[in-house]
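What follows is the residue order along each chain.
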Amino acid sequence: MYELRGNVAFDRLNGHSKCHIREGGDGKTHIRGETEVLEHGRVRVHPIATKACWSFDELLAHLRGGLALRATGSSTVHDLSSRTHAVLEVEIVSRALLAAREAVVECETEFVPVAKRATDVNQARIDEAEAKKAEFQGYVDDAVRKVEEVMRTASHSCLGGKLVLVDLAGSEFYQDKTIAAVPRPKPSPQEQREGRQINTDLLALKEVIRARAVRAARIPYRSSPLTTVLREHFQGTTGQGGDACSRMILTVSPALGQGAATVNTLKYGSLVGGWGLGSGRED
């Protein structure tokens, strides 16, 4: 469970610690924790914190703990408004799968100092280090294959299935000038910057949804950190195998003064229903 504020992510299962948004060698975007430097030059890069829950009560406890850390504040629209985009990923796992993934992290930790030695200026040492590097790369590859084997031989086909819930921050600075506005304190410069970033993210998300709905040749995933992080989940709904889908829950108001905002919200959400099976080139 994490939240996005601009280009920074915060881990809500690890004391709201700061995380980093990185694109890996696999072409996917990852949320990473701090890099841990170990003895003998080993380096361990932890993924964002995950909590294994073997009962509903455990899941509920972690969920409530993460929700308590949600960043909120006053805005031009609400007295208590979410200031970040929150993401909750729930995955079906087994103990065997978690152990196999942990083995991958450990093998990668051992690989880092060996790979560094391959940059030595002495050719003989480089050759020796390259041979060692290939050996440790083999360990990493074996660990990755073990993960794939666990997934392939699992007795339950749902292993690895994910439910991803995204709670978007509210759109800011909307004002229908035909309706008398409720007087509110002028937002501070920091709040104005946050509002602009939120609106930028929401616009980028809308453009991604629109591009997918019309099966555009280019999908602008990299327009904002929000759409970059969600790219993998969007790609899981392109109809491959027919086992994934996306839904959007809209919050609207029956008040006459919110009519224009309600119509815009419904138009925004209706684009999700237009997603076809085809997918354009990802950017």
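Parameters at a glance
Residues numbered from 1 in each chain as written. Predicted model: local features only at pLDDT ≥ 70, side-chain atom pairs only at ≥ 80, totals over all residues. Heavy atoms only, no water. pLDDT = per-residue confidence, 0-100. Contact = heavy atoms within 4.5 Å. Pairing = 2+ DSSP bridges. Helix = DSSP H or I, 4+ residues; strand = E, 2+ residues; numbered from the N terminus. Axes fitted to C-alpha atoms, helices over the stretch in contact; angles between N-to-C directions. Buried < 20%, exposed > 50% of the residue type's maximum accessible area, 1.4 Å probe, protein only. Expected span 1.5 Å × (residues − 1). Lys, Arg positive; Asp, Glu negative; His and termini not counted. Salt bridge = Lys/Arg side-chain N within 4 Å of Asp/Glu carboxyl O. Phe/Tyr/Trp six-rings, centres within 6.5 Å; stacked < 30°, edge-to-face > 60°. Lys NZ or Arg CZ within 6 Å of the ring centre and 35° of its normal. Parallel < 35°, antiparallel > 145°, perpendicular 65-115°, else oblique. Left-handed = near helix turned anticlockwise from the far one by under 90°. Nonpolar A, V, L, I, M, F, W, Y, C, P; charged D, E, K, R; others polar.

## So, the confidence of the model for the chain
Then step 1. On average, the chain scores 78 in pLDDT, and the residues at 70 or more come to 77%.
Then step 2. Considering only residues more than four positions removed or in separate chains, one finds that residues 276-282, a stretch of pLDDT under 50, has 17 contacts.

## Remarks on the sheet that holds strand β1 (residues 2-5)
In sheet architecture, strand pairing relies on hydrogen bonds along the backbone and comes in two forms, parallel and antiparallel.
Then step 1. Ordered in space as β5-β4-β3-β2-β1-β8-β9, the 7 strands form an open sheet in which the pairing is antiparallel. Every interior strand has two partners, whereas the edge strands, β5 (43-47) and β9 (162-167), have only one. Strand-to-strand twist across the sheet, computed as the mean angle between neighbouring axes with direction ignored, equals 35°.
Then step 2. Note that β1 and strand β2 (residues 8-11) share 4 bridges and pair antiparallel. Paired with Arg5 across the strands is Val8, a residue of β2.

## Here we look at unusual backbone geometry
Then step 1. Within the chain, His16 stands out as a residue other than glycine whose phi angle is a positive 60°.
Then step 2. Tracing the backbone through its elements, the reader meets His16 in the loop between β2 and β3 (17-23).
Then step 3. Taking the relative accessible area as the measure of exposure, His16 reaches 25% and is therefore partly exposed.
Then step 4. A positive phi angle is found at Arg215, which is not glycine, with a value near 55°.
Then step 5. Here Arg215 is to be found in the loop between α4 (189-213) and β10 (218-219).

## Remarks on helix α6 (residues 259-270)
Then step 1. Along its 12 residues, α6 runs 16 Å from first to last C-alpha, staying within 8% of the 16 Å computed at 1.5 Å per residue.
Then step 2. Buried residues along α6 sit in contact with α4.

## A closer look at the side chain of Asp201
Then step 1. With respect to the secondary-structure elements, Asp201 resides in helix α4.
Then step 2. The side chain of Asp201 is buried and forms no salt bridge, while Arg5, the nearest opposite charge, is found at 9.6 Å.
Then step 3. Other than its neighbours up to four places away in sequence, Asp201 contacts His85, Ser224, Pro225 and Leu226.

## Side note on the packing of aromatic side chains
Then step 1. Counted under the stated rule, the structure contains 1 aromatic pair.
Then step 2. For the pair Tyr221 and Phe234, a centre-to-centre distance of 5.9 Å together with 25° between the ring planes defines the contact as stacked. With a gap of 13 residues between them, Tyr221 in the loop between β10 and α5 (225-235) and Phe234 in helix α5 connect regions that are remote in the sequence.
Then step 3. Since its relative accessible area comes to 8%, Phe234 is described here as buried.
Then step 4. The ring centre of Trp54 lies 4.1 Å from the NZ or CZ of Arg95, which sits over that ring.

## A few points about the environment of Thr200
Then step 1. Mapping Thr200 onto the fold places it in helix α4.
Then step 2. On the basis of relative accessible area, Thr200 is assigned to the partly exposed category, the value being 42%.

## Description of the packing of α4 against α5
How two helices sit against one another is set out by the angle between their axes and by the gap between those axes.
Then step 1. Interaxial distance between α4 and α5 falls to 9 Å at its minimum, and their mutual angle equals 30°. Between α4 and α5, the interaxial angle falls into the category roughly parallel. Remark: the crossing between α4 and α5 carries right-handed chirality. Between α4, through Gln197, Asp201, Ala204, Leu205, Val208 and Arg212, and α5, the contact on the second element is made entirely by Pro225, Leu226, Thr227, Phe234 and Gln235.
Then step 2. The class makeup of the residues in the contact of α4 with α5 is 6 nonpolar, 3 polar and 2 charged.

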